[in-house]
Amino acid sequence: MIRILFCFFAFLSTACKSGTVYINSNKIIEQYHGATGKKQAFMNQVKTWQANVDSLMAEVQALKGTQAAAKEQQLLQYREAIQQKAQAEEARVSQEILTEINAYIKQYGKEKGYDFILGATDNGNIVYAAESKDITEEVLAGLNKQYDQQHAAGK
């Protein structure tokens, strides 16, 4: 009987020290230093493309007749090409950021001995979790420290 009780309490102790924790995925993405820089570079590129579109629009408005129609067609084609390029670039940057974050979280989880690290989002994939299981701040601090150390030489 004592052996059974001991095993039961050992099981409860192990269950209470669950290897399952979670992070707030949105917060990680919003506050990761690597994401901030990449998103800013992308936004700067978008501004450049928009300036080119605005310049072409000014040219179209200054022209008359068939020249204006041809230039307007050029403008429409350029705008469509830029929109496609912007979407592709945004997807590439987002994937690059997620790859960096996921690699760090995988390494972090192994180092800490976690069985699972779940990602909570505003969409409700985790409806409830005890705040004591939230390791967002720890992961974010480590992720940013790693990024800052890797990019300190470039500053």
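- Per an unreviewed UniProt entry, the chain carries the name OmpH family outer membrane protein and comes from Hymenobacter metallicola.

**Let's talk about the side chain of Thr136**
Here is step 1: With respect to the helices and strands, the residue Thr136 is situated in helix α5 (residues 136-151).
Here is step 2: Filtering out sequence-adjacent residues up to four positions away, Thr136 remains in contact with Tyr22, Ile23, Asn24, Lys27 and Ile28.

**Points about the packing of aromatic side chains**
Here is step 1: Tallied over the entire structure, the rule returns three aromatic pairs.
Here is step 2: An aromatic cluster of at least three residues, connected via ring pairs, comprises Tyr104, Tyr108 and Tyr114.

**Focus on helix α4 (residues 65-112)**
Here is step 1: The end-to-end C-alpha distance of α4, which contains 48 residues, comes to 70 Å, matching closely the 70 Å that a straight helix rising 1.5 Å per residue would cover.
Here is step 2: Tucked into the core, α4 has its buried residues touching β1 (20-24), α2 (25-31), α3 (33-62), β2 (116-120) and α5.
Here is step 3: At the exit of α4 stands Gly113, carrying a positive phi of roughly 80°.

**Some details on the nonpolar core**
Here is step 1: With 16 residues, the main nonpolar core has Ile28, Tyr32, Ile101 and Val139 as its most contacted residues.
Here is step 2: Considering every element that reaches this core, the biggest residue donor is α4, with six residues.
Here is step 3: In contact with Tyr32, other than residues within four places in its own chain, are Ile97, Glu100, Ile101, Leu140, Leu143, Asn144 and Tyr147.

**Some remarks on α3**
Here is step 1: With 30 residues, α3 should reach 44 Å at 1.5 Å per residue; the first-to-last C-alpha distance of 44 Å fits that figure.
Here is step 2: Buried within α3 we find Gly34, Ala35, Lys38, Phe42, Trp49, Val53, Leu56 and Val60.

**Concerning the pattern of salt bridges**
Here is step 1: By the definition in use, this model includes six salt bridges.
Here is step 2: Between Glu59 and Lys71 there is a salt bridge; the shortest N-O distance is 3.0 Å. Here Glu59, found in helix α3, pairs with Lys71, found in helix α4; they are twelve residues apart in sequence, far enough to count as distant.
Here is step 3: With a relative accessible area of 34%, Glu59 lands in the partly exposed category.
Here is step 4: Among the ionic pairs, Arg92 bridges to Glu89, the shortest N-O distance being 2.6 Å. Of this pair, Arg92 and Glu89 both sit in helix α4, three residues apart, roughly one helical turn.
Here is step 5: The partly exposed category is assigned to Arg92, whose relative accessible area is 41%.
Here is step 6: Using a relative accessible area of 26% as the deciding quantity, one classes Glu89 as partly exposed.
Here is step 7: Here the salt bridges do not stand alone but share partners, grouping Lys38, Glu89, Arg92, Glu96 and Glu100 into one network.

Thresholds applied
Residues numbered from 1 in each chain as written. Predicted model: local features only at pLDDT ≥ 70, side-chain atom pairs only at ≥ 80, totals over all residues. Heavy atoms only, no water. Helix = DSSP H or I, 4+ residues; strand = E, 2+ residues; numbered from the N terminus. Contact = heavy atoms within 4.5 Å. Phe/Tyr/Trp six-rings, centres within 6.5 Å; stacked < 30°, edge-to-face > 60°. Expected span 1.5 Å × (residues − 1). Core = buried A, V, L, I, M, F, W, Y, C linked by side-chain atoms within 4.5 Å. Buried < 20%, exposed > 50% of the residue type's maximum accessible area, 1.4 Å probe, protein only. Salt bridge = Lys/Arg side-chain N within 4 Å of Asp/Glu carboxyl O.

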